[in-house]
Amino acid sequence: MNHLYIRYGVVLRKLDLIKEAIDVFVEATHSLPLHWGAWLELCNLITDKEMLKPMVLPSTWMKEFFLAHIYTELQLIEEALQKYQNLIDAGFSKSTYIISQIAVAYHNVRDIDRALTLFNELRNQDPYRIENMDTLSNLLYVRNMKPELSYLAHNLCEIDKYRVETCCVIGNYYSLRSQHEKAALYFQRALKLNPRYLGAWTLMGHEYMEMKNISAAIQAYRHAIEVNKRDYRAWYGLGQTYEILKMPFYCLYYYRRAHQLRPNDSRMLIALGECYEKLSQLAEAKKCYWRAFSVGDVEKMALVKLAKIHEQMGESDQAAQCYIKYVQDICDCGEILEHHEMSTAFRALAQYYFKCKRWDESSVCAQKCCDYNDTREEGKALLRQISQLRNQGEASPTTIPAESRTFVPGVNTPSAKVPPLNLSSITP
């Protein structure tokens with residue numbers, strides 16, 4: 001009887017009768033609470049946490065697994081991790097499924113180190129496990145770990161080369177080697193094995209983007225959304241495709257959907273900000289960049305983009321403070337060489353201090369400009385101007401105006417004072 005419920009629910013889902021399908025799958029969980037397939041089908045129809053409140057689910061330990069799973073899918077990672085910890089405490093401490101789901105949760109919040117540690121622990125416990133190994137391959141891809149990804153691909157191919165996860169891992173391996181045609185071929189093989197495998201559709205869209213096949217990429221991303229409307233990567237990918245096609249209003253719609261699914265992901269916010277910039281909505285762009293910085297800027301670009309917006313709006317003091325904070329953040333994380341915008345920041349600060357007649361600060365920033373190819377000539381020219389002005393006897397003010405040391409409140413920038421920047425300690 002339970003199987004009939006599930007089949008009936010699947011038919012209703014395919015007819016887009018979502019409410020009726022949910023009711024049927026809830027009834028299926030009551031009929032046979034230990035049938036995980038019914039719980040998974042129900043999970044695929046839930047788009048937000050509010051939908052869970054009116055549901056009357058059976059009070060079994062399977063409900064806790066279901067809630068942990070749906071929280072992970074809805075990007076409610078803290079709640080999901082708490083649920084999994086409760087299950088571990090209840091006696092599931094040796095469950096490889098729980099370890100894999102915790103690793104996936106860390107992957108979703110881009111805590112790559114923790115996720116890799118858990119996946120390595122999982123492979124030690126279960127060397128023949130194939131489930132979730134495509135997620136591990138995504139992490140290895142992001143970290144550019146070619147030998148590890150190659151070993152994983154060969155290992156899974158020996159275990160079972162006809163699994164969708166294996167095909168996706170091999171596809172990621174070829175993608176990392178920039179063999180995008182082969183990568184797309186393996187993702188297509190995965191979809192022949194399981195046409196509703198979400199990860200394969202999204203990854204295939206990425207490969208078509210690399211091959212500049214925009215129409216095929218759009219089709220792949222749309223298929224991914226049909227499988228799971230909660231896949232922020234597909235919405236984000238669609239935004240990128242329409243950005244390439246120079247259709248900013250479409251682009252804005254898709255980036256908004258991605259942001260709704262990942263409200264604390266700085267990449268979505270920066271993409272939205274860039275879209276607003278192209279539409280000349282600078283105030284909205286400024287809000288997006290400030291929000292991206294506030295939630296933790298993954299790519300360390302929000303402050304620079306915010307500074308450029310301030311410059312366009314004639315707010316030079318706020319722009320200078322953004323550049324100062326950017327330089328401080330980059331120096332603190334020790335990745336100066338990897339950020340080409342450092343030269344932009346030093347050039348802007350040198351010009352700002354020059355206008356404020358702060359010759360010492362301007363001179364130090366100009367010297368830093370000379371360390372970068374794209375700003376070297378401007379730095380040298382500014383140093384010559386400063387030298388001429390000093391020879392003419394123009395004095396440097398002893399203090400910087402208060403408004404240039406603080407962000408102005410009310411414009412989505414911080415109001416707290418930023419400590420003076422010690423530029424002499426920075427070496428690119």
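Summary of the structure given here.

Basis of the calculations
Residues numbered from 1 in each chain as written. Predicted model: local features only at pLDDT ≥ 70, side-chain atom pairs only at ≥ 80, totals over all residues. Heavy atoms only, no water. Helix = DSSP H or I, 4+ residues; strand = E, 2+ residues; numbered from the N terminus. Buried < 20%, exposed > 50% of the residue type's maximum accessible area, 1.4 Å probe, protein only. Contact = heavy atoms within 4.5 Å. Areas by Shrake-Rupley, 256 points an atom, 1.4 Å probe, with all protein chains shown as cover. Core = buried A, V, L, I, M, F, W, Y, C linked by side-chain atoms within 4.5 Å. Expected span 1.5 Å × (residues − 1). Arc of directions from axis to C-beta. Patch = residues over 30% accessible without salt bridge, like charges linked within 9 Å, V, L, I, M, F, W, Y side chains within 5 Å. Salt bridge = Lys/Arg side-chain N within 4 Å of Asp/Glu carboxyl O.

Overview of the overall build of the protein chain
From N to C terminus, the protein chain includes 22 helices and zero strands. The buried share of the protein chain, taken over its 428 residues, is 50%. If you take every contact in the protein chain between residues at least 6 apart in sequence, the share linking residues at least 24 apart comes to 53%. Within the structure as shown, the protein chain displays about 21,500 Å² of accessible surface, and the carbon and sulfur contribution to it stands at 51%.

Topic: the side chain of Thr202
Within the fold, Thr202 resides in helix α12 (residues 198-210). In this structure Thr202 touches Tyr221, Ala224, Asp231, Arg233 and Ala234, once residues within four positions along its chain are discounted.

Digging into unusual backbone geometry
Its identity as a non-glycine residue notwithstanding, Lys246 has a phi of 55°, on the positive side. Within the fold, Lys246 resides in the loop between α14 (232-244) and α15 (248-261). Although it is not a glycine, Ser280 sits at a positive phi angle of roughly 60°. Inspection of the secondary structure puts Ser280 in the loop between α16 (266-278) and α17 (282-296). Residue Ser280 is classed as exposed on the basis of its relative accessible area of 60%.

Topic: the nonpolar core
In this structure, Phe119, Tyr326 and Leu349 are the most contacted members of the largest nonpolar core, which totals 110 residues. Among the elements that line this core, the one with the most residues is helix α13 (residues 214-227), at nine residues. If you look at the next biggest cluster of nonpolar residues, it comprises 25 residues, including Ala21, Leu45, Leu57 and Leu74.

Topic: helix α7 (residues 112-125)
In this model, α7 (14 residues) spans 20 Å end to end at C-alpha, consistent with the 20 Å of a helix rising 1.5 Å per residue. Along α7, the positions that sit buried rather than exposed are Ile112, Ala115, Leu116, Leu118, Phe119, Leu122 and Arg123. In an axial view of α7, the angular spread of the buried residues amounts to 165°, which keeps them on one side of the axis. Looking at α7, the residues exposed on the side facing more than 90 degrees away from the buried face are Thr117 and Asn124. If you follow the buried residues of α7, they end up packed against α6 (96-108), α8 (133-142) and α9 (146-160).

Details of a nonpolar patch on the surface
A cluster of nonpolar side chains, contributed by Val11, Leu15 and Leu17, occupies part of the molecular surface with about 260 Å² of accessible area. Locating Leu17 in the fold gives a position in the loop between α1 (2-14) and α2 (18-31).

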